[in-house]
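Spelled out from the first residue to the last, the chains are:
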Amino acid sequence: MRAVGRHTVREGRFWHRRAELVYDDAGEGPVAVYAHGGFVSQATEDRMGLFDWAPVLDAGQRLVRYDARAHGRSTGDPVDTDYTYSSLADDLLALLDQLGAAEPLVAMGASMGCGTVLHAAIQAPDRFSRLVLLIPPTAWTTRKAHSRDNRESADTIEREGVDAWLAAKGKQPRPAVVADVPEFPPTPAERVLPSVLRGLALSDLPSPTAIAALRRPSLILAWVDDPGHPLSTAETLAQLLPHADLHVSRTRADIRTWGERIAEYLTRP
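Residues numbered from 1 in each chain as written. Predicted model: local features only at pLDDT ≥ 70, side-chain atom pairs only at ≥ 80, totals over all residues. Heavy atoms only, no water.

Trainee: Got a sec to walk through the layout of surface pockets? Specific residues and values, please.
Mentor: By volume, the largest pocket amounts to about 1,500 Å³. If you go around the largest pocket, you meet 48 residues; those closest to its centre are Phe39, Lys169, Gln172, Glu183 and His229. Elements with a contribution of two residues or more to the lining of the largest pocket: helix H1 (42-48), helix H5 (143-160), helix H6 (162-170) and helix H7 (193-201). No other element matches H5, which puts eight residues into the lining of the largest pocket. (1 Å grid on protein atoms, 1.4 Å probe; cavity = no way out; pocket = protein on both sides within 12 Å on 5 of 7 lines; lining within 4 Å. Points joined across faces, edges and corners; volume = space filled by probe spheres on them. Helix = DSSP H or I, 4+ residues; strand = E, 2+ residues; numbered from the N terminus.)

In structure tokens form, the structure reads like this:
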């Protein structure tokens, strides 16, 4: 057993499409599900100290966070199409079934998890009440170069090994607002990592037309000067979604307020 603040975390597991998916369940009240970003896990995000979930639990929410397919404690196969946003969205919807969620609930996601949440909301809008979209990833016109880089990274890992990829990645500048956040090795195993990268290369956010038709209140949290999560994506989402609030952080101190901002948003009438 572990805890988030004063709240005990319960572990759950279930099988879906050849993989065992592991989730943590804490708190009592309305359910809010969170999908993390690519290459990390719940435990890694906690070690990074990037997001503080205690305010969400203290606000009377039941918080369910899960390790995406092949990330952290969850298993996965080296199948490229298992890691597209739409396939990961299918995993999220399966988690809702596992939880027995009969009423619409809150879905939250960061980066890859943001793509997961948006695709799930397009596939099954009636299953969600509100969305919280953290650091939306590069999309649409800015996605092509990112996809090319992911394919090249997959090739590098297969040709030279994961250490060569990490060495090259380590030379790239980091956004100033998170420059002090510790980095950790990717949680997907090396045999699966190229497929994760190629699946993300095949992915994009839903079309602007589909997003504009998604009539769910949304909170968008973004930071600046990050090519992988450009402010242009967050701003476009804020324009497209009919009921969206956008907050942009320019300092690490402001990012630390995101837990409180999410808690306030989820308890807003």
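The rest of the description comes next.
Trainee: Pulling in residues and values, what's your account of the side chain of Thr233?
Mentor: Position of Thr233 relative to the elements: it lies in helix H9 (residues 231-240). When residues no more than four places from it in sequence are discounted, the contact partners of Thr233 are Pro136, Pro137, Thr138, Ala139, Trp140, Thr142 and Leu205. (Contact = heavy atoms within 4.5 Å.)

Trainee: A description of the nonpolar core should follow, citing residues and the corresponding values.
Mentor: Within the largest apolar cluster, 52 residues are counted, with the highest numbers of intra-cluster contacts made by Val33, Leu95, Leu118, Phe128, Leu131, Leu133 and Leu237. It is helix H3 (residues 85-99) that provides the largest number of residues to this core, a total of nine residues. Beyond its immediate stretch of four places on either side in the chain, Phe128 contacts Leu93, Leu96, Pro104, Leu105, Ala107, Ala120, Ala121 and Arg216. Counting 33 residues, the second-largest nonpolar core is a separate cluster that includes Val40, Phe51, Leu219 and Ala263. (Core = buried A, V, L, I, M, F, W, Y, C linked by side-chain atoms within 4.5 Å. Buried < 20%, exposed > 50% of the residue type's maximum accessible area, 1.4 Å probe, protein only.)

Trainee: Lay out the pattern of salt bridges in plain terms, naming residues and giving numbers.
Mentor: What the rule picks out here adds up to 28 salt bridges. Note that Glu28 is salt-bridged to Arg10, the shortest N-O span being 3.9 Å. Taken together, the residues Glu28 in the loop between strand S3 (19-26) and strand S4 (31-35) and Arg10 in strand S2 (residues 7-16) connect sequence positions 18 residues apart. Residue classification places Glu28 among the exposed residues on the basis of a relative accessible area of 61%. Note that Arg13 and Glu20 form a salt bridge whose closest N and O atoms lie 3.3 Å from each other. According to the relative accessible area criterion, Arg13 is partly exposed, its value standing at 40%. Classification of Glu20 by relative accessible area gives buried; the value is 19%. Several salt bridges converge on common partners, so that one network encompasses Arg17, Arg18, Arg69, Asp77, Asp82, Asp90 and Asp91. (Salt bridge = Lys/Arg side-chain N within 4 Å of Asp/Glu carboxyl O.)

Distances and angles like these do not, on their own, reveal function.
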